[in-house]
Structures are given as C-alpha cells and as structure tokens.
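Secondary and tertiary structure notes
Here are the chains, one letter per residue:
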Amino acid sequence: MSAQTTAQLHHGAVEIDEPSGTVLLRTATWCYVLRVDFDEGTVRHVHWGAPLPLADAARLPVWAEHDDSFAGRSDGVEEYPVEGGARFGVPALEVRFADGSNPVEPGVEGWRIVRESHVAILQRDRSRPLAWELHYRVQPGGDMLERWTELTHTGQAGAQALLLRRSAAAHWPLPQRADWRLSSVHGGWSAENRLERCPPAVGETTLTSRRGHTGHHAAPWVMLDAAGAAEESGEVWAMALAAGGSWRLTVQRTAAGRVGVVASEGHEGVEIALPPGGRHITPVSVAVYSPDGFGAVSRAFHTYVRRHVLPHPDELRPILYNSWEATSFEVSEENQLALARRAADLGVELFVVDDGWFGTRDDDRSGLGDWTPHPRRFPRGLRPLADEVHRLGMAFGVWVEPEMVNADSDLYRAHPDWVVHLPDRSATELRHQLVLDFSRSEVTDWAYGWLCDLIGDHDVDFLKWDFNRSFTEAGAHAGGPDARSVYVEHARGLYRLLDRLRATFPRLRVEGCAGGGGRIDLGMLGRSDQVWTSDNTDAVDRLTIQHGFGQIHPAAVMSAWVTDSPNPLTGRAVPLAFRFHSAMAGVLGLGGDLTKWSARELSEAARLVAQYKDIRPVVQHGLQYRLLAPGQGSLTAVQYASADADRVVVFVWRPTASFGPGHPPLRLRALDVRGRYRDEDTGAVWTGQTLMGYGLPVPRLPAGDCASALVRLRRVG
Ligand code: DGJ
C-alpha cells in the first residue's frame, strides 16, 4: 500500500520526507534513517536503532566531524564513502579510471522506489563515466535490512574500461555509543567458528579471506554491541555478506568515536574490470539491529535465512548416512551396500557415497576431474547401488568436487589451461589438486554436462558438493586488465552453475562443503539445502563449533553426523547418546562404520533416530535459544521452541564431570506463561510461568564425562 502527501511518501517499509531529503526504512524493531543532500552530493547516515516518527527523523541533525583542515568532512557517516575529496576513512568505493587516476567526485541524482519496501539512491560521478545505485530493501514482514550496490560504466562504446578496486555492498554506520564490542568467529580446518568478543581497535579491523572461498579462518559477518549486551538483552547490530569468494569486512572505529562496517567482496588488490556499458552488481549485505541481545539477532538471521535465502525453506532435512569416516577412499559397491542396509534399518532417509567412487581415485593423488565410476570399485557402475538404495526406501546421494582437478587425471592432461594459474609461475598443489577456473564458461559448461549425466543416469537425489583447497597463483584474468578478479568471479561462475543445475533438476538437493566449513555464507546457502559444518565430528568439540555456527546460521542447515568412538580426529571416547544429542541439535546424520556397531548400539541408534524424527520440526523450524554457552560453566544447553510455543526441546550436555553443587535450573524462554507443559518422557507437568521464572530442573545426567540429556515438552490442555 502506498500513501502519499505532498511532502511525505510511504512505500511499505520505506518512508521519505522530500523537503529534508530524509529516507527512512522501518521494521517492527528498528528504523534506519539517511539524509540525501543534493547540493553536497552526499548520502549521510542519521540513525539506526529504536523506531522514530518520520517527522522527527526529518529534523535530526547529521553528525559531522570537528571542522578543521585535517578532518574528514563526513568520515564515518556516509552511506557509501568513496575514495576522493576530504575523506580519509575506509572507502566503500575505490576506482581506477582509464587515465590511471582515482578520486571519485559523487553527486546525487535522486531516489527511486524500485518496489514496495525497496528504495534505490542514485549517485553519479560529476565528470567521469561512473554511476552507482545504493539499494535498500526490507523483505515483507521481515526484520532485516538488505543492501547492495549496482555500478555502471556510463561511457560510450569504445571508451576504456575502468577498474573497481573496492566496490562494497554497503557501509553500515552505527550510532554514537560510549563503548563498543566486536563479535566474530575465527578458526581453521576442523576448528571452525570459534566465537570471540573484543573491543574493536580505534583504527581499522579487517576480517578477510584471501583464499577465493569464504574460508575456515574467518566468516563474513560481525556483530557489534554497545559493550553491555548479553545473550538476551542489550543493543546489538549485526551484518553479513553473501559472498562465496574472497571478501573483506572492515570495522572502522574513528578517533572521533564513530564505528562502521564496510562489507565488500574481494580482498585488497582484487580488481573488477567494468567495460563501457558494463554493470556490476555486488553481493547482498544483510543486517539487523535488536535491543534484545545476541540471541534475538541470531534468531532474526535464522528466520531470514530460512525464509529468504534457502531454496526450499519449508522442507525438513532428511537424516543422512555418509560413508566418509567409515570407508574413506575405499568405497566399493559391496561395502556401500552393507552400510546402506544397516542405515536403512536404523531409519536413515538418505544414503550418500562420499569420495573415492570415480576415476582412478584410490587416494587424493589422482582422479579428480574424471567423473566416471571407478572401474575396479564399481565395475557395474553406480546404478546397482543407486537402485538398491532407492529400493531400501532411501534417497541416493553422491560426493562431487567439480571445481577441482588432480594433475594426474585425464581432464588435466586434456585441458591443463583450465586451471587457475599463471603461465610463468609454478602451480602450487594443495591436497595434490588444482582449482578449475569457474569464471570461464567453457569450464562450467563441461561441469554442467557431466553433472547432468551423473544425476540423470543414476537418479541422484543429493549432491555433497565439496571444495578442498584455497586459490594460489590466481592472476590477471585471460590477459584482461583486471587483477585477480578470479578470486570473486569463480564464485559467481559456481553460483551460475548451481542455479542452472537446480533449474534442470528441481528435485536435486545440495549439501555445501569445503573441507568441512570452509565455504559457509549466505551466497552459498542461496544454492544449498544444508552445509557440512566441520570435518571435526568429535561431539564435544562440535558444541563449540556449532555455537559459533549458530550465531548467524540456522540449525536447519547445520549438518552433523554421529561417528565412531573414540573419535578418529581427537581420540576422545564419547557415549553414543552424547554423540547423538550433539548431532540432533542440527540436521542429524550418521557417519560411523555401522557394520562394526554392536546390536545394542544399533538398537539405541534406531531409538534416537526415531526420537530425532519426532523433534525435527522443532529443531529445524523452531526458534533457538542458547541457554548456556559452551565453555562458560560445566553445562552447555540449547532450547528450541516451535513458533506457536506448543513444543519445546532442550538439550543439556556436560562434557566434563566435576564434583560440586548442583546446577541451577535452566530458565526457559518464549513459552506460553499461562500454558502447562508436559515432559513427554517423565510425565511431569510444569507451567510456562515456572519454566521461565524458576526454570526447568536440570535433568539427571549419567555419571562421568560426556553426559547429556534431551527434554521434550509439549503444551497440554
Ligand atoms: C572433505 C570433506 O569435508 C569430508 O567430509 C570428505 O568429503 C572429504 N573431503 C573427502 O575427500
């Protein structure tokens, strides 16, 4: 609905006060205000936080630094600071024009209501051939603000290309507060998502990937709080970038006390060539503000990902079996059939054959690129296995790593030029493999061809799409003017391929993977149904990894397997129930050697698989409340509640036993105060008021290390 007065326009979430040049975007929780100044050619930030009436917002002053000859005029508050003029902060836009010069001199042309709740501000260089549109969008009923930028070379045909050296999706200025704290995750292979909170430096703090993929070592999102926030209270701002290639998030804290975040694809030195008439659309950066702590921000992201990012948000993810930890590269028709039969008996719904089924893939030294069944391991091809898996009532999934090639492969021998490389430099092999250049359409066309054959010939329902090394020697693209654009263009080629494949096979489902959690971001999630969280399947380590993962990403995409004990990576022995409870907090899978599990283990596993099917809608589609974070006491606990608060699931883990007083009750969240909740296993009935006010008594845990419990509550009466 649009209403209009002479001076004020309302288009869904967008409100505009024309005389003052004030643009306001509003959700139920916050409003975001900016001011367009046509004379100065600036778009400056005014407010992001508690909702305000437009009439007040239109009268608010724009912040400015002290006006001396060393100060930046609008540093810290421009919506899209460029390199040029009296600006000394982190630019969102850095350009090299055809004459080699850099300064951009912006003007503002106006705004455009693209559609309801979506406004674009049009800017243009005053004399050079570059225009850009700042897009702001709120999804209907949503609580997130999406921003991205569309840049156009406005020169005539025949003019020279210009180079985008940094073209951010957005600069996110934050309000003035006395103190700030930055939350982010860092890590490495098998140690992803370690959450850290610390004050941002006065200066610039850059989180980045220079790897050509999102990376295990940092993730493209940050949260900033006014240093007083807690899990369920306090002001928190959070922003993420939907970029699957290299990326940079720079948190800038100026000496004058402004904090902001510039979110862009590409790391320093990555340049994108824009030919005359060419248009570059940045990835989306999405952000939220909440006055209700980190938990509320996480839930806002979870809801956004589920509603607006995932291809099939309403589907429940199946319980899968994956062969990797059981059979490694030694897969064969015989051993996969044995595992598939055991898996089907346990209630598994999807059977996935991991690495080793193709080419001459006896180990990681050869075969990548030759995507036909391994002649010795699958002499009859994959069809008999696929048919039997389907006959057992499970869907059939296959591991692939389409972006990679071993030098020892027929593909590399035929197309050595397809890899990301520089002709006069050595080609560094990591895991004995090289990266295929997916920014080139002949390479993605080849991948599309064999993937169609594989999926079509075997009725493949599910691909585990892996990616096991970072980029090296990635230089100027095909002799073009752009430096290292493959660091971002590869990911764009990958997205095009995945989109094309999914359009051809609408029933195909995809699990994103990059040596565990090396490519988890909102761009990849737009083409995936779930992601493999980490190669670390130790159920205790997983609690920390999953805690960091869940800051932004919902449980509905967090693939987690129950594997053998002791864990092959850590050597830790963990009881089966704890392993299950850890994995049941996300998308449950099994990954152990089921042929070696005892009858007792198999029957307990079948019981827990059935229990997961019962709680799955609550875990995957409910709201998550982190009751006790890992490492902050003896217990870790997470609650999931259905949106209608009818069903509640609580997991409690105690990794290490210690002597001491009993743990206080767990104060649950978001229940019906007046409702009565029945514990489905013990029959005990509590009111919502008691469960939230006093708390749920901590369930009795088995003695010893690695004890855990699952509580299922249902509203009655
Ligand atoms: C890395 C993945 O994370 C593992 O799960 C497995 O698929 C291996 N690659 C196979 O090479």
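This is a predicted model, so every value here is computed, not measured.

With respect to the sheet that holds strand β24 (residues 320-322)
Reading around the barrel, the eight strands line up as β24-β25-β26-β29-β30-β31-β32-β33 and close back on themselves, with parallel pairing between neighbours. Pairwise comparison of adjacent strand axes, ignoring direction, gives a mean angle of 30 degrees for this sheet. Where helix α10 (residues 539-549) meets the sheet, its contacts fall on β31 (530-532) and β32 (558-562), and the angle it forms with β32 comes to roughly 170 degrees. Relative to β32, helix α11 (residues 576-584) is tilted by about 170 degrees, and along the sheet it contacts β32 and β33 (587-590).

Quick notes on the site of the ligand
If you check the shell around the ligand, you find 14 residues, and the closest are Asp354, Asp355, Lys464, Asp466 and Asp535. Between Asp354 and the ligand, the recorded distance is 2.7 Å, taken from a side-chain N or O atom to an oxygen atom. Trp399 is positioned with one of its side-chain polar atoms (N or O) 3.0 Å from an oxygen atom of the ligand. Surface burial for the ligand is 99%, taken as the share of its 290 Å² of free accessible area covered by protein chains. Along the lines of polarity and charge, the residues of the shell around the ligand split into five nonpolar, three polar and six charged.

Considering the domain arrangement of the chain
Interfaces are frequently sized by the accessible area removed from exposure as the parts join. What the domain assignment lists for the chain is domain 1 (3-309), domain 2 (320-405 + 444-469 + 512-620) and domain 3 (628-716). Here domain 1 and domain 3 have C-alpha centroids that lie 40 Å from each other.

Let's talk about the packing of aromatic side chains
Both the distance between ring centres and the angle between the ring planes are used here to describe each pair of aromatic rings. Per the stated rule, a full pass over the model turns up 22 aromatic pairs. For the ring pair Tyr32 and Trp172, a centre distance of 6.2 Å and an interplane angle of 90 degrees mean the geometry is edge-to-face. With Tyr32 in strand β5 (residues 31-37) and Trp172 in strand β13 (residues 170-173), this pair connects stretches of sequence that are 140 residues apart. Judged by relative accessible area, which is 0%, Tyr32 ranks as buried. You can call Trp172 buried: its relative accessible area is 0%. One aromatic cluster is present, built from ring pairs that chain together Trp357, Phe358, Trp371, Trp399, Trp418, Trp446 and Trp450. Over the face of the ring belonging to Trp172 we find Arg147, whose NZ or CZ atom lies 5.1 Å from the ring centre.

Observations concerning the pattern of salt bridges
Applying the stated criterion to the full structure yields 52 salt bridges. Between Arg128 and Asp99 there is a salt bridge; the shortest N-O distance is 3.5 Å. Taken together, the residues span a long stretch of sequence, with Arg128 in the loop between β9 (118-125) and β10 (130-138) and Asp99 in the loop between β7 (93-96) and β8 (106-115) at a distance of 29 residues. Judged by its relative accessible area of 29%, Arg128 is partly exposed. Its relative accessible area of 53% is what places Asp99 among the exposed residues. Measuring nitrogen to oxygen at the nearest pair gives 3.4 Å for the salt bridge that ties Glu271 to Arg165. Note that Glu271 is positioned in the loop between β20 (259-265) and β21 (272-274) and Arg165 in strand β12 (residues 162-167), a separation of 106 residues in sequence. By relative accessible area, which is 10% here, Glu271 ends up buried.

Observations concerning the sheet that holds strand β16 (residues 203-209)
The strand order β13-β20-β19-β16 describes an open sheet built from four strands, whose pairing is antiparallel. Looking at strand neighbours, the two that pair on one side only are β13 and β16, the edges of this open sheet. Recorded for the sheet is a direction-independent mean angle of 15 degrees between the axes of neighbouring strands. Relative to strand β19 (residues 247-253), β16 is paired through seven bridges, and the arrangement is antiparallel.

A look at unusual backbone geometry
Here the amide bond leading from Ser565 into Pro566 is cis, since omega sits at 0 degrees, within 30 degrees of zero. With respect to the element layout, Pro566 can be found in the loop between β32 and α11. Despite not being glycine, Ser328 shows a phi value in the positive range, around 45 degrees. If you trace the backbone, Ser328 turns up in the loop between α3 (324-327) and α4 (333-346). On the basis of relative accessible area, Ser328 is assigned to the partly exposed category, the value being 30%.

Rules of the game
- Residues numbered from 1 in each chain as written.
- Predicted model: local features only at pLDDT ≥ 70, side-chain atom pairs only at ≥ 80, totals over all residues.
- Heavy atoms only, no water.
- Pairing = 2+ DSSP bridges.
- Helix = DSSP H or I, 4+ residues; strand = E, 2+ residues; numbered from the N terminus.
- Axes fitted to C-alpha atoms, helices over the stretch in contact; angles between N-to-C directions.
- Contact = heavy atoms within 4.5 Å.
- Near = heavy atom within 4 Å.
- Polar contact = N/O pair within 3.5 Å; in protein donor to acceptor, adjacent residues only side chain to side chain.
- Areas by Shrake-Rupley, 256 points an atom, 1.4 Å probe, with all protein chains shown as cover.
- Nonpolar A, V, L, I, M, F, W, Y, C, P; charged D, E, K, R; others polar.
- Domains from an automatic or database assignment.
- Phe/Tyr/Trp six-rings, centres within 6.5 Å; stacked < 30°, edge-to-face > 60°.
- Buried < 20%, exposed > 50% of the residue type's maximum accessible area, 1.4 Å probe, protein only.
- Lys NZ or Arg CZ within 6 Å of the ring centre and 35° of its normal.
- Salt bridge = Lys/Arg side-chain N within 4 Å of Asp/Glu carboxyl O.

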